[in-house]
Amino acid sequence: TIKLFQLPPEPLTPGFREMKAEDCEAAQKLVNEYQGRFALRPEFSAKEFEHWFMPLDGVVYSYVVEDPESKQITDFCSFYSLPSSVIRHDAYKTLNAAYSFYNVATKAALSDLV
């Protein structure tokens, strides 16, 4: 099972990396533009975006794809972690689950991002 679900040593998408504070403005614009195609949607202010999406270990994880040539942020993906207690098991006390949050694929395939 480990071999079947093992990740490659390097990301498949060039420029894929954890989001940094300096990426927030470009990532916010990307997410808001993508959300613009829906009639009912949130529109994140700069402060809201930073609050909801800046990586926080054990809570939320956000990644961007920075085009290696233009240095522009082209894609965004995020997920959040929600641990659950495991009851009556000697070896395991916590089950960590990851849930997809917001994802925007413009250059990379969505399946490669997530």
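Here, every reference points to the structure presented above.
Below: a short report on this structure. Bear in mind that the values here come from a model prediction, so they are computed numbers and not experimental data.

## Some remarks on the pattern of salt bridges
Move 1: The tally for this structure, following the rule as stated, stands at three salt bridges.
Move 2: Between Lys29 and Glu33 there is a salt bridge, and its shortest N-O distance comes to 3.8 Å. Note that Lys29 and Glu33 are positioned in helix 2 (residues 24-35) at a spacing of four residues, about one turn of the helix.
Move 3: Look at the salt bridges and you will find they share partners, linking Arg17, Asp23 and Glu66 into a network.

## Some details on the packing of helix 2 against helix 3 (residues 46-53)
Move 1: Close contact between helix 2 and helix 3 brings their axes to 10 Å; oriented N to C, the two are set at 95°. The orientation of helix 2 relative to helix 3 falls into the category roughly perpendicular. Taking contact as the criterion, the partners of Cys24, Ala27, Gln28 and Val31 in helix 2 are, on helix 3, Ala46, Phe49 and Glu50.

## A short note on the sheet that holds strand 3 (residues 73-85)
Move 1: One open sheet accounts for four strands, arranged 1-2-3-4; its pairing is antiparallel. This sheet does not close on itself; its edge strands, each paired only once, are strand 1 (16-18) and strand 4 (94-105). Averaged over all adjacent pairs, the angle separating strand axes in this sheet is 25°, with direction ignored.
Move 2: Against the sheet, helix 2 touches strand 2 (60-66), strand 3 and strand 4, its axis set at about 90° to strand 3.

## A word on unusual backbone geometry
Move 1: A positive phi angle, near 65°, is found at Lys71, a position not held by glycine.
Move 2: One non-glycine residue, Arg88, lies in the positive phi region at around 60°.

## Some details on the nonpolar core
Move 1: Membership of the largest hydrophobic core is limited to twelve residues, which are Met19, Cys24, Ala27, Leu30, Val31, Phe44, Phe49, Phe53, Val64, Ile73, Phe76 and Val104.
Move 2: Ranked by residue count, the leading element in this core is helix 2, at four residues.
Move 3: The contact partners of Phe53, leaving out residues within four places of it in the chain, are Met19, Phe44, Ser62, Phe76, Ser78, Phe101 and Tyr102.

Calculation rules
Numbering of residues begins from 1 in every chain and follows the order in which that chain's sequence is written. Whole-chain, interface and lining totals are the exception, using all residues; otherwise, since this is a predicted model, local features are given only for residues with pLDDT of at least 70 and side-chain atom pairs are given and counted only at 80 or more. Water and hydrogen atoms play no part in the side-chain values, which are based on all heavy atoms of the structure. The salt bridge definition used is simple: a Lys or Arg side-chain nitrogen within 4 Å of an Asp or Glu carboxyl oxygen. In this description a helix means any DSSP run of H or I spanning at least four residues, a strand means any run of E spanning at least two, and both kinds are numbered starting from the N terminus. A fitted line through C-alpha atoms represents every axis, and for helices the fit uses only the stretch in contact; the resulting angles, taken between N-to-C directions, go from 0 to 180 degrees. Oblique is the label for any angle not under 35 degrees, not over 145, and not in the 65 to 115 range, which are roughly parallel, roughly antiparallel and roughly perpendicular in turn. The contact criterion used throughout is that any non-hydrogen atoms of two residues lie within 4.5 Å. Strand pairing is assigned whenever DSSP identifies at least 2 bridges connecting the two strands. To qualify as a nonpolar core, a set must consist of buried Ala, Val, Leu, Ile, Met, Phe, Trp, Tyr and Cys residues joined through side-chain atoms within 4.5 Å. Exposure categories follow from relative accessible area, calculated using a 1.4 Å probe and restricted to protein chains: below 20% of the type maximum is buried, above 50% is exposed, and the middle band is partly exposed.

By themselves these figures say nothing about function.
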